[in-house]
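# Structure at a glance
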Amino acid sequence: MLDIKKTNILLAMAGAAVLMAGTPVLAQDATAPAAPAAEAPAAAPANAVPAPAAAEPAAPEAVGGEDHGKMTPASMFLEADIVVKVVMIGLLLASVFTWVILLIKIFEFGALNRATDRFLESFRQTRTIADMRRVATSEEFEGNPLADMAAAATDEVELSRQAGLSVTGDHRDSALNRAQAAVSAVQSGLAKRLSGGQQFLASVGSTAPFIGLFGTVYGVMNSFIGIANTQTTNLAVVAPGIAEALLATGIGLFAAIPAVIFYNYFNTRIAAYGTRSDGFNAELMNAVSRNLDKGA
């Protein structure tokens with residue numbers, strides 16, 4: 001019995017040893033197939049087709065195309081509609097004439113004031129009506145408004161004398177009234193003589209902005225028609241037409257503003273000379289009355 005138990009124990013130990021010896025082999029066999037499987041994903045990228053590189057974003061198209069940032073008043077004028085061009089040309093011509101009138105009238109008033117100063121200096125040195133008439137009718141002061149006033153007054157007195165009318169004594173006031181009427185007739189035309197070109201300046205100053213606005217409205221209307229035809233609101237399409245239209249208004253203001261300034265300036269100069277002529281009228285009639293009282 002004891003021998004049988006020893007035999008069983010030995011068999012059990014032998015079996016255990018066999019199992020322990022075989023376990024690493026089985027484990028190695030079980031794990032060996034996994035290695036190729038693990039290597040497969042690593043090898044796959046080597047044979048795979050390379051993915052296409054991400055496309056670079058396209059550069060944004062510059063607004064306005066090749067002419068972006070190159071618009072000038074000259075280019076806008078050349079590209080404008082024919083109606084807008086006519087408006088611009090008319091306003092530019094009006095502006096040119098305005099500046100020409102400015103230069104002409106500045107020289108005119110300068111020469112007028114210098115001639116008037118010389119005439120007053122000579123007139124105040126006279127002592128008789130005949131001397132007044134001689135100075136007033138001299139070629140040096142021909143066309144001067146104050147000289148014409150003096151000539152009218154002295155001519156009336158001389159005509160009364162030639163007609164056999166008394167210009168002294170009881171008829172002195174009648175002679176003075178006739179002389180005053182002659183002077184007033186000359187003075188009434190003074191404003192008209194000095195206001196040449198003023199009507200043109202007033203017309204340009206009052207109408208040029210509205211003419212320019214007409215060109216703007218017409219140009220904007222064409223821009224909206226272009227939007228409807230192209231079915232786009234892209235600023236590069238709309239902006240040039242609107243800019244050309246606004247240029248018409250700008251030219252209108254460019255013509256109107258100087259015209260208004262020059263008109264007011266020359267109105268002031270005309271009024272100042274009118275005041276000077278009123279003062280000379282009183283001085284002239286006093287001199288005539290004094291000489292009539294002396295019988296000169």
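For the structure itself, look to the data block above.
In short, a report on the structure. Everything numeric here is computed off the predicted structure, so don't read it as measured data.

## Some details on the overall build of the protein chain
When you go through the protein chain residue by residue, the secondary structure sums to 10 helices and 0 strands. Along the protein chain, helices and strands appear, N-terminal first, in the series α-α-α-α-α-α-α-α-α-α. Within the protein chain, the proportion of its 296 residues that are buried is 29%. Here the analysis covers contacts within the protein chain between residues at least 6 apart in sequence; of these, 83% occur between residues at least 24 apart.

## Concerning the nonpolar core
Counting residues in each nonpolar core, the largest one holds 37 residues, and the members touching the most others are Phe119, Phe123, Phe280, Leu284, Val288 and Leu292. When contributions to this core are tallied by element, the ones reaching two or more residues are helix H4 (82-123), helix H5 (129-136), helix H6 (145-162), helix H7 (172-188), helix H8 (190-194) and helix H10 (235-294). Examining the composition of this core, we find that 10 residues originate from one element, H10, more than from any other. Setting aside residues up to four positions removed in sequence, Val288 forms contacts with Ile129, Met132, Val157 and Leu176. The next biggest cluster of nonpolar side chains, apart from the first, holds 15 residues, and it includes Val87, Ala94, Leu247 and Ala248.

## Quick look at H5
Listed in full, the buried residues belonging to H5 are Ile129, Met132, Val135 and Ala136. Take H5 and look down its axis: the buried residues cluster within an arc of 125°, on one side only. Those residues of H5 that are exposed and angled more than 90 degrees off the buried face are Ala130 and Arg134.

## Points about the side chain of Ser289
Looking at the secondary structure, you find Ser289 in helix H10. The exposure class assigned to Ser289 is buried, which follows from its relative accessible area of 11%.

## What about the pattern of salt bridges?
Tallied over the full model, the rule gives 8 salt bridges. Its salt-bridge partner being Lys105, residue Glu108 comes within 3.9 Å of it at the nearest N-O pair. Of this pair, Glu108 and Lys105 both sit in helix H4, 3 residues apart, which is roughly one turn of that helix. When its relative accessible area of 2% is taken as the criterion, Lys105 is described as buried.

## Let's talk about the packing of aromatic side chains
If you walk through the whole model with that rule in mind, you get 9 aromatic pairs. A ring pair is formed by Phe97 and Phe200, whose centres lie 6.2 Å apart and whose planes are at 70°; its orientation type is edge-to-face. Of this pair, Phe97 sits in helix H4 while Phe200 sits in helix H9 (residues 198-230); the two residues are 103 residues apart in sequence, bridging distant segments of the chain. Residue classification places Phe200 among the partly exposed positions, given a relative accessible area of 31%.

## Let's talk about the side chain of Asn281
Among the structural elements, Asn281 can be located in helix H10. Here Asn281 is in contact with Met149, Gln180, Val183 and Gln187, once residues within four sequence places are set aside.

Conventions used here
Residues numbered from 1 in each chain as written. Predicted model: local features only at pLDDT ≥ 70, side-chain atom pairs only at ≥ 80, totals over all residues. Heavy atoms only, no water. Helix = DSSP H or I, 4+ residues; strand = E, 2+ residues; numbered from the N terminus. Buried < 20%, exposed > 50% of the residue type's maximum accessible area, 1.4 Å probe, protein only. Contact = heavy atoms within 4.5 Å. Core = buried A, V, L, I, M, F, W, Y, C linked by side-chain atoms within 4.5 Å. Arc of directions from axis to C-beta. Salt bridge = Lys/Arg side-chain N within 4 Å of Asp/Glu carboxyl O. Phe/Tyr/Trp six-rings, centres within 6.5 Å; stacked < 30°, edge-to-face > 60°.

Note that all results are geometric; they support no functional claim without further evidence.
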